[in-house]
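So the chains spell out like this:
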Amino acid sequence: MAKFQAPKGVSEYVPDRSSHFDYVRSTLIESAVVAGYQLVELPVFEDTELFARGVGESTDVVRKEMYTFEDRGGRSITLRPEGTAGVMRAVIEHNLDRGQLPVKVYYSGAFFRAERPQAGRYRQFYQVGIEAIGVADPRIDVEVIAVAERAFRQLGLQNYRLEITSLGDSLTRENYLADLRSYISGVSLDEETTARASLNPLRLFDDKRPEVKDLMSKAPVLMDYLTPESAADFAKVQELLSMIGIDFVVNNRMVRGLDYYTGTAFEFVHNDLGAQSGIGGGGRYDGLMAQLGGQELSGIGFGLGIDRILLAREAEGLALPDGLGLDLYIVPLGTGDEALKISEELRLRGIRVDLAFGDKALKGAMKSADKSGARYAIVLGADEISSGVVSLKEMKSGETTSVTLSALANELIERIANLGENS
RNA sequence: GUGGUCGUAGCUCAGCUGGUAGAGCACUCGGUUGUGGUCCGAGAUGUCGCGGGUUCGAGCCCCGUCGAUCACCCCA
């Protein structure tokens, strides 16, 4: 029979790599939680119009990368290609913006874009994102950036940089885009590039062809058009980032792929990832809430790519930290009934326990103990059960200690706690 | 969506100018009494991605297809 395979271009995680994935995801989430962001768990599909209006009709995401289908009721549905539009919809729908501001939420899950896959670019991929809605304050911009930066540091990443820019307010953009368009219309470009420019002239700053780069290096720069208010905000953001010790580089040619960004925009770029080097990015969006039928509230947020962050950790040779695996592995001799019972008692105390099943020989079961990565192992045979004493073996050193079964849970808990203090 | 490279045991790969498959690691069992990681021995494992074609004969050649990968495009 022909074997099935996963659909083209999806990322999926199975042991042992899945534990690394889970470590990255939970570290990112924890960084948001400690800053007061609360979970929103949202659908992975939404009304197509939400993304068309929210993300922007001119974006590639909306024009050619969405998974769109008609449901049985004839509605046009789209698998979410990004997180912010759905969050705005939920905030408006549940009136979260009627209470205290800012609304601070995080999300985590799968997103979908029908692109040609390559390393770090998948058709189903995973992000953790946060949004802070309702307060336009450079300090929140910096907090949002700090949530990402802190997570990256905790994950041990080194070889990356933070790029920031300001896209200015609507007046800034209006003036700037007019000048940029007239500059572009004055230079000669091929048909396809001209078409891209007419959709969003900013995109040309991303072009990798030398001749286009050369042309764009002489183009007007948005930074020069910032209104005094935008310029002051941007200066404040930089000042505060420095104050809390976050390094950054200003990239005044940064291009963001989604149309809703205004003001502060940022991107984390990793150096070891090839073409798909962005591990996270975000920015402020002034008009989005109103655009989607809500109040005129500004917001800021980011999306971090779990897949790419995992690749970045692997590229930097970072291993999983100790202490995430099993605490104890039980090797039963004879019937394993007692081992099963004890494992449940220990698990009830929060100790991570696995055991050998299926009447494995001692040697084989000890090998399993070794491979399980458990910190400790005990053999549980007739002797131990009748005497009530087991020999607790630390797998790494091979040292054994006699412990009574009744004291085993406390002994393990104490040792695990000590380990946490030492590391 | 466009172009390049690639696809052989669970994993990493070898397989010369076409003659019906191999290594290392991993896995299972064993090296006589209840303790893994080293060592030694034995063993199982592949429709050579899939489909067609050329040939007396194809893992090696040709076409298609699926997938991966790299770049473009775009982005997390």
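Residues numbered from 1 in each chain as written. Chains lettered and ligands numbered in written order. Predicted model: local features only at pLDDT ≥ 70, side-chain atom pairs only at ≥ 80, totals over all residues. Heavy atoms only, no water.

## A word on the sheet that holds strand S4 (residues 76–79)
Strand pairs in the sheet, formed through backbone hydrogen bonds, run parallel or antiparallel to each other.
Here is step 1: As summarised here, the arrangement of the three strands in space is S2-S4-S3, forming an open sheet in which the pairing is antiparallel. At either end of the open sheet lies a strand with only one pairing partner, and these are strand S2 (45–47) and strand S3 (68–70). Strand-to-strand, the axes of this sheet are offset by a mean angle of 35°, without reference to chain direction.
Here is step 2: As paired elements, S2 and S4 share three bridges and run antiparallel to each other. Across the sheet, residue phenylalanine 45 finds its bridge partner in S4, namely leucine 79.
Here is step 3: Relative to the sheet, helix H2 (residues 48–55) contacts S2, S3 and S4, its axis offset from that of S2 by approximately 80°. (Pairing = 2+ DSSP bridges. Helix = DSSP H or I, 4+ residues; strand = E, 2+ residues; numbered from the N terminus. Axes fitted to C-alpha atoms, helices over the stretch in contact; angles between N-to-C directions. Contact = heavy atoms within 4.5 Å.)

## With respect to the protein's contact with RNA strand B
Here is step 1: Residues in close proximity to RNA strand B total 45 residues, the closest being Ala119, Arg196, Gly257, Lys371 and Glu384.
Here is step 2: Among the atoms of RNA strand B close to the protein, meaning within 4 Å, 50% are from sugar or phosphate groups.
Here is step 3: At a separation of 3.1 Å, a base oxygen of RNA strand B approaches a polar side-chain atom of arginine 116.
Here is step 4: At 3.1 Å from a base nitrogen of RNA strand B is found a main-chain nitrogen or oxygen belonging to tyrosine 122.
Here is step 5: Elements with a minimum of two residues in the surface near RNA strand B: helix H3 (60–64), strand S6 (124–133), strand S10 (278–285), strand S11 (299–305), helix H13 (362–372) and helix H14 (382–387).
Here is step 6: Broken down by element, the surface near RNA strand B gets its largest block of residues, six residues, from H13.
Here is step 7: When the residues that make up the surface near RNA strand B are grouped by side-chain class, the tally is 10 nonpolar, 13 polar and 22 charged. (Near = heavy atom within 4 Å. Polar contact = N/O pair within 3.5 Å; in protein donor to acceptor, adjacent residues only side chain to side chain. Nonpolar A, V, L, I, M, F, W, Y, C, P; charged D, E, K, R; others polar.)

## Topic: the environment of aspartate 22
Here is step 1: Counting through the fold element by element, aspartate 22 comes out in helix H1 (residues 17–33).
Here is step 2: When the C-alpha positions of aspartate 22 and isoleucine 306 are compared, they lie 9.2 Å apart, and in sequence the two are 284 residues distant.

## Thoughts on the packing of aromatic side chains
Here is step 1: Enumeration over the complete set of coordinates arrives at 12 aromatic pairs.
Here is step 2: A centroid spacing of 4.3 Å and a plane angle of 20° characterise the contact between tyrosine 13 and phenylalanine 21, whose relative ring orientation is stacked.
Here is step 3: When its relative accessible area of 18% is taken as the criterion, tyrosine 13 is described as buried.
Here is step 4: Put simply, the rings of Phe152, Tyr160, Phe266 and Phe268 pair up and form one aromatic cluster. (Phe/Tyr/Trp six-rings, centres within 6.5 Å; stacked < 30°, edge-to-face > 60°. Buried < 20%, exposed > 50% of the residue type's maximum accessible area, 1.4 Å probe, protein only.)

## Here's the deal with the environment of tyrosine 225
Here is step 1: Along the chain, tyrosine 225 falls in the loop between helix H8 (210–217) and helix H9 (228–243).
Here is step 2: A relative accessible area of 23% means that tyrosine 225 is categorised as partly exposed.
Here is step 3: Through-space distance from the C-alpha of tyrosine 225 to that of glycine 278 is 26 Å; in sequence the pair is 53 residues apart.
Here is step 4: Once you skip the residues sitting within four places of it in the chain, tyrosine 225 turns out to touch Thr172, Asn175, Tyr176, Asp179 and Pro220.

## Examining the nonpolar core
Here is step 1: Ranked by size, the top nonpolar core spans 47 residues in total, and within it Leu28 and Phe152 carry the most contacts.
Here is step 2: The greatest single-element share of this core, amounting to nine residues, is contributed by helix H5 (residues 138–154).
Here is step 3: Ignoring anything within four residues of it in the chain, the contact list for leucine 28 reads Val128, Ala151, Phe152, Leu155, Leu304, Ile306 and Ile309. (Core = buried A, V, L, I, M, F, W, Y, C linked by side-chain atoms within 4.5 Å.)

## Examining the domain arrangement of chain A
Here is step 1: Assigned domains within chain A: domain 1 (17–169 + 227–315) and domain 2 (328–422).
Here is step 2: On a C-alpha basis, the centres of domain 1 and domain 2 stand 44 Å from each other. (Domains from an automatic or database assignment.)

## So, the packing of H5 against H9
Here is step 1: Look at H5 against H9: their axes get within 9 Å of each other, and the N-to-C directions meet at 45°. With respect to their mutual orientation, H5 and H9 come out oblique. Where H5 crosses over H9, the handedness of that crossing is right-handed. In this structure, H5 uses Pro138, Arg139, Asp141, Val142 and Ile145 to contact H9, whose residues at the interface are Asp233, Lys236, Val237, Leu240 and Leu241. (Parallel < 35°, antiparallel > 145°, perpendicular 65-115°, else oblique. Left-handed = near helix turned anticlockwise from the far one by under 90°.)

## Points about the packing of H1 against helix H11 (residues 306–315)
Here is step 1: Remark: H1 packs on H11, axes separated minimally by 10 Å, with the N-to-C direction vectors making an angle of 115°. The pairing of H1 with H11 is recorded here as roughly perpendicular in orientation. Crossing angle aside, the handedness with which H1 passes H11 is right-handed. Residues Arg17, His20, Phe21, Tyr23, Val24, Arg25 and Leu28 of H1 touch H11, and the partners they reach there are Ile306, Asp307, Ile309, Leu310, Leu311, Arg313 and Glu314.
Here is step 2: Of the residues assigned to the contact of H1 with H11, the class counts are eight nonpolar, one polar and five charged.

## As for unusual backbone geometry
Leaving glycine aside, a negative phi is the common case for residues, and trans is the common case for peptide bonds.
Here is step 1: Following proline 15, the chain continues into aspartate 16 via a peptide bond in cis, with omega recorded as 0°.
Here is step 2: With respect to the helices and strands, aspartate 16 occurs in the segment before H1.
Here is step 3: Backbone torsion omega between leucine 101 and proline 102 reads 0°, so that peptide bond is classified as cis.
Here is step 4: On the secondary structure map, proline 102 appears in the loop between helix H4 (84–93) and strand S5 (103–112).
Here is step 5: Its identity is not glycine, yet asparagine 95 carries a phi of approximately 55°, on the positive side.
Here is step 6: By the secondary structure assignment, asparagine 95 is in the loop between H4 and S5.
Here is step 7: The class for asparagine 95 is partly exposed, based on a relative accessible area of 41%.

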